[in-house]
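Working through the structure, step by step
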Amino acid sequence: MNALDATRIRAHFDFPAAGRVVTNNAASTQPPRELIGLLRDLTPWYENVHRGQSTASRRTTAMFEASFDTIAAWLNAPGRGCVATYRNTTEAINAVMYSLLTEFRDGDNVVTTMLEHNSNYVPWHALCREILPRLGRRVECRLARFDADGQLDLDHLASLVDGRTKLVCCTGASNFSGTKPDLSKLREIADASGYAQPTGETRALLLVDAAQLAPTSAIDVRALDVDYLAFSFHKMLAPFGVGVLYAKQHLLDHALPFLYGGDMIAEGRVTPETVAWNDLPWKYTAGTPNILGTIASAQALRLLLDLVLPTAFFGGTGPLPRVAIEEVMARVGRHTANLTARCMAGLAEINGLQMYGPEHRTPLVSFNLGGVSPFAVAEALDRRGVEARAGCHCATLAHHALGLDPPASCRLSFALYNTTDDVDRAVEAVREIAASRRLVG
Ligand SMILES: Cc1ncc(COP(=O)(O)O)c(C=O)c1O
């Protein structure tokens, strides 16, 4: 089946020349040369946005603002008014938490899951255990469990949702087990809550952490009918520093901003008595934003299309056809799924190796080699030129739920530029480490 030409794609990156086997892509991906070049190309017109009459400022402002249109198109969002940028997924989820803080009523609850990255658990824990109690409000954070196959237990999650569930927060794909919860089922469960939102809606809001979903899937926020969705561009080829919060426009219209200050206020509408917010999405961009990072991030999406298809979207600001986005992400998904299946098949042959999570998953494999510290495994892999990551991957709850002590595993994760050769080298290196462990044992 037509996937993609990873060898051709690799020619756009510098890391292969360094001989690296980059298999830690769930943490961050590598930047293509064009994006680094783009930053250089922007510097002759380097200027701040929304605060200057110079050609340079107007030019930079136009590119910056168009970036929001690209991001909205990528997500099939109605428009730029649904897109706010932050530093990363973590900050985007915190923005939701702080925006909703005043809306929680005594006796409400938030439902999240044991599969979450700490980014989508700790803010809700802090809200319920640290912040709201100081304001005299009791709000409960409820955690849905996962089953022995690593699948989210949707029946358990549904049993936690009731008429006081203001918000259901769930990962789109776990960065530890690779589990991809059924988001349409989550929507149904959230709908069934019947919670009376201040906007007049009667259902729980649904927030999806798409940090691991967005890099290998086409996301259609309207089809998913999510209220909030967050992801980070540093996992999608762009340089570090920009994350996205998609939110339904009426929620952003209604909510309080997370950060207050310059640029998020309507021009000239500040008096000692009143302050009026700027139009969306600028109501949510207080202060000077990460201008170059935002432009590069939006261009990373356009370049992703060109890397996979013979298109020429990079460098432009025009519309992105939905069909191209879906075709490209289907190919990326198939390619990375094939690599993951090959990796799992290879690792399954190694005695004493335990993998975590279901068969169908996002492109990552977390495992432990019995009797060997996952940190020692990752270091031994690095000595063989293979980049992995050991730790709890911030999925601390899931590691504890599996009784892992220390709460850690070693993880290999794949991106569109990985090849079967990368997988084979990684699996062979793990096999060697397992064999040397037996010799030592
Ligand atoms: C599922 C998931 N959520 C959230 C995050 C946090 O992303 P960031 O560090 O960009 O805020 C990550 C990062 O690994 C992740 O994998």
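Just so it is clear, the structure is predicted and the values come from calculations on it, not from any experiment.

Brief notes about the pairing of strand S7 (residues 228-232)
- Of all five residues making up S7, five are buried, and the element is well covered by its neighbours.
- Inspection of the sheet shows strand S6 (residues 205-209) paired to S7 by three bridges, in the parallel sense. Paired with Leu207 across the two strands is Tyr228, which belongs to S7.
- Pairing of S7 with strand S8 (residues 243-247), which is carried by five bridges, proceeds in the antiparallel orientation. Looking across to S8, one finds that Leu229 is bridged to Tyr246.

Examining unusual backbone geometry
- The amide bond that connects Leu280 to the next residue, Pro281, takes the cis arrangement and shows omega of 0°.
- When you line up the elements, Pro281 lands in the loop between strand S10 (275-277) and helix H10 (291-308).
- In this chain, Asp405 is followed by Pro406 through a cis amide linkage whose omega measures 5°.
- Along the polypeptide, Pro406 turns up in the loop between helix H13 (396-401) and strand S15 (409-413).
- At Leu237, a position not held by glycine, the phi torsion is positive, near 80°.
- For Leu237, a relative accessible area of 2% puts it in the buried group.
- Its identity is not glycine, yet Asp263 carries a phi of approximately 70°, on the positive side.
- Its location among the elements puts Asp263 in the loop between helix H9 (249-254) and strand S9 (265-270).
- The class of Asp263 is buried, set by a relative accessible area of 15%.

With respect to the sheet that holds strand S5 (residues 165-171)
- The seven strands are arranged S2-S8-S7-S6-S5-S3-S4 in an open sheet whose pairing can be described as mixed. Strand pairing shows two members of the sheet lacking a second neighbour, strand S2 (83-86) and strand S4 (140-144), which therefore form its edges. Ignoring which end each strand starts from, the neighbouring axes of this sheet average 20° apart.

Considerations on the site of the ligand
- Around the ligand sit 13 residues, and of these Thr90, Asp209, Gln212, Ser232 and Lys235 come closest.
- At a separation of 2.6 Å, an oxygen atom of the ligand approaches a polar side-chain atom of Lys235.
- Protein burial of the ligand: of its 390 Å² of free accessible surface, 90% is covered by the chains.
- In this structure the site holding the ligand corresponds to the largest pocket.

As for the pattern of salt bridges
- One pass over the structure, following the stated rule, counts 25 salt bridges.
- With its nearest N and O atoms 2.9 Å apart, the salt bridge here joins Arg142 to Asp162. On the criterion of sequence distance, the pair formed by Arg142 in strand S4 and Asp162 in the loop between helix H6 (154-160) and S5 is long-range, its members being 20 residues apart.
- Among the salt bridges present, the one from Arg203 reaches Asp225, with a minimum N-O distance of 3.2 Å. With Arg203 in the loop between helix H7 (183-192) and S6 and Asp225 in the loop between helix H8 (221-224) and S7, this pair connects stretches of sequence that are 22 residues apart.
- Asp225 gets classed as partly exposed once you look at its relative accessible area, which sits at 24%.
- One network of salt bridges, with partners in common, ties together Arg187, Asp191, Glu201, Arg203, Asp225, Asp227 and Lys248.

What about the layout of surface pockets?
- Roughly 300 Å³ of internal volume is contained in the largest pocket.
- Taken together, 21 residues form the lining of the largest pocket, with His117, Ser119, Asn175, Gln212 and Lys235 sitting closest to its centre.
- When residues of the lining of the largest pocket are assigned to domains, at least three fall in each of domain 1 (6-30 + 322-440) and domain 2 (37-300).
- Quantified by volume, the second largest pocket comes out at close to 200 Å³.
- For the second largest pocket, the lining is made up of 14 residues, of which Thr85, Tyr86, Glu91, Pro289 and Asn290 are closest to its centre.
- For the lining of the second largest pocket, the class distribution of residues is six nonpolar, six polar and two charged.

Here's the deal with H7
- Listing the buried residues of H7 in full gives Leu183, Leu186, Arg187, Ile189 and Ala190. Along H7, the residues classed as buried sweep out an arc of 165° about the axis, all on the same side. Set apart from the buried face of H7 by more than 90 degrees, the exposed residues are Glu188 and Ala192.
- Contacts from the buried residues of H7 go to H6, S5, S6 and H8.
- With its phi angle positive at about 75°, Gly194 sits one or two positions after the end of H7.

Side note on the packing of aromatic side chains
- Inspection of every chain in the model, using the stated rule, returns 11 aromatic pairs.
- Centre to centre, the rings of Phe176 and Tyr356 are 5.5 Å apart; their planes meet at 35°, and the pair counts as tilted. Of the two residues, Phe176 sits in the loop between S5 and H7 while Tyr356 sits in strand S11 (residues 353-356), which places them 180 residues apart along the sequence. Accessibility assignment for this pair places Phe176 and Tyr356 in one class, buried.
- Site record: aromatic cluster; members linked through ring pairs are Phe13, Phe15 and Tyr417.

Describing empty space enclosed by the protein
- By the definition in use, this model includes three cavities of 30 Å³ or more.
- In this structure, the largest cavity occupies an estimated 190 Å³ of space.
- In terms of lining, the largest cavity is formed by 19 residues, of which the most central are Thr29, Pro215, Thr216, Lys235 and Phe414.
- Each residue belonging to the lining of the largest cavity can be placed in one class, and the counts come to 12 nonpolar, six polar and one charged.
- Formed jointly, the lining of the largest cavity draws a minimum of three residues from each of two domains, domain 1 (6-30 + 322-440) and domain 2 (37-300).

Each value, and the rule that gives it
- Note that residues are indexed from 1 along each chain, following the sequence as it is written.
- Local features in this predicted model are restricted to residues of pLDDT 70 or higher, and side-chain atom pairs are both shown and tallied only at a pLDDT of 80 or more, whereas totals for entire chains, interfaces and linings draw on every residue.
- Side-chain numbers here rest on the full set of heavy atoms in the structure, without hydrogens or water.
- Relative accessibility under 20% of the residue-type maximum defines a buried residue, over 50% an exposed one, and the middle range a partly exposed one, all with a 1.4 Å probe and only protein chains included.
- Secondary structure elements follow DSSP: runs of H or I of four or more residues count as helices, runs of E of two or more count as strands, with numbering from the N terminus.
- When DSSP finds two or more bridges between a pair of strands, those strands are recorded as paired.
- The axes are straight lines fitted to the C-alpha atoms, using for helices just the contacting stretch, and the angles between their N-to-C directions are given from 0 to 180°.
- Distances are taken per atom, and a residue is near a molecule or strand as soon as one of its heavy atoms is within 4 Å of it.
- Under this definition, polar contacts are N or O atom pairs within 3.5 Å; protein pairs additionally need one hydrogen-donor-capable and one acceptor-capable atom, and for neighbouring residues in sequence, both atoms have to be side-chain atoms.
- Computed with the Shrake-Rupley method and a 1.4 Å probe, the accessible areas treat only the protein chains shown as cover for residues.
- With a 1 Å grid laid over protein atoms only, a set of points is called a cavity when a 1.4 Å probe fits there but cannot get out and a pocket when it is open yet has protein on both sides within 12 Å along at least five of seven lines; lining residues have an atom within 4 Å of a point.
- Pocket occupancy is defined atom-wise: a molecule lies in a cavity or pocket when more than half of its atoms are within 2 Å of its grid points.
- Any Lys or Arg side-chain nitrogen located within 4 Å of an Asp or Glu carboxyl oxygen qualifies as a salt bridge.
- Grid points are joined across faces, edges and corners, and a volume is the space filled by probe spheres set on the points.
- Domain start and end points were adopted from an automatic or database domain assignment.
- Under the grouping applied here, Gly and all other residues not named as nonpolar or charged are polar, the nonpolar ones being Ala, Val, Leu, Ile, Met, Phe, Trp, Tyr, Cys and Pro and the charged ones Asp, Glu, Lys and Arg.
- An arc is given here, and it is the one of the directions from the helix axis to the C-beta atoms.
- Every residue pair with non-hydrogen atoms within 4.5 Å of one another is taken to be in contact.
- Ring pairs shown here join Phe, Tyr and Trp side chains whose ring centres sit within 6.5 Å, with only the six-membered ring taken for Trp; geometry is labelled stacked below 30 degrees between planes, edge-to-face above 60, and tilted in between.

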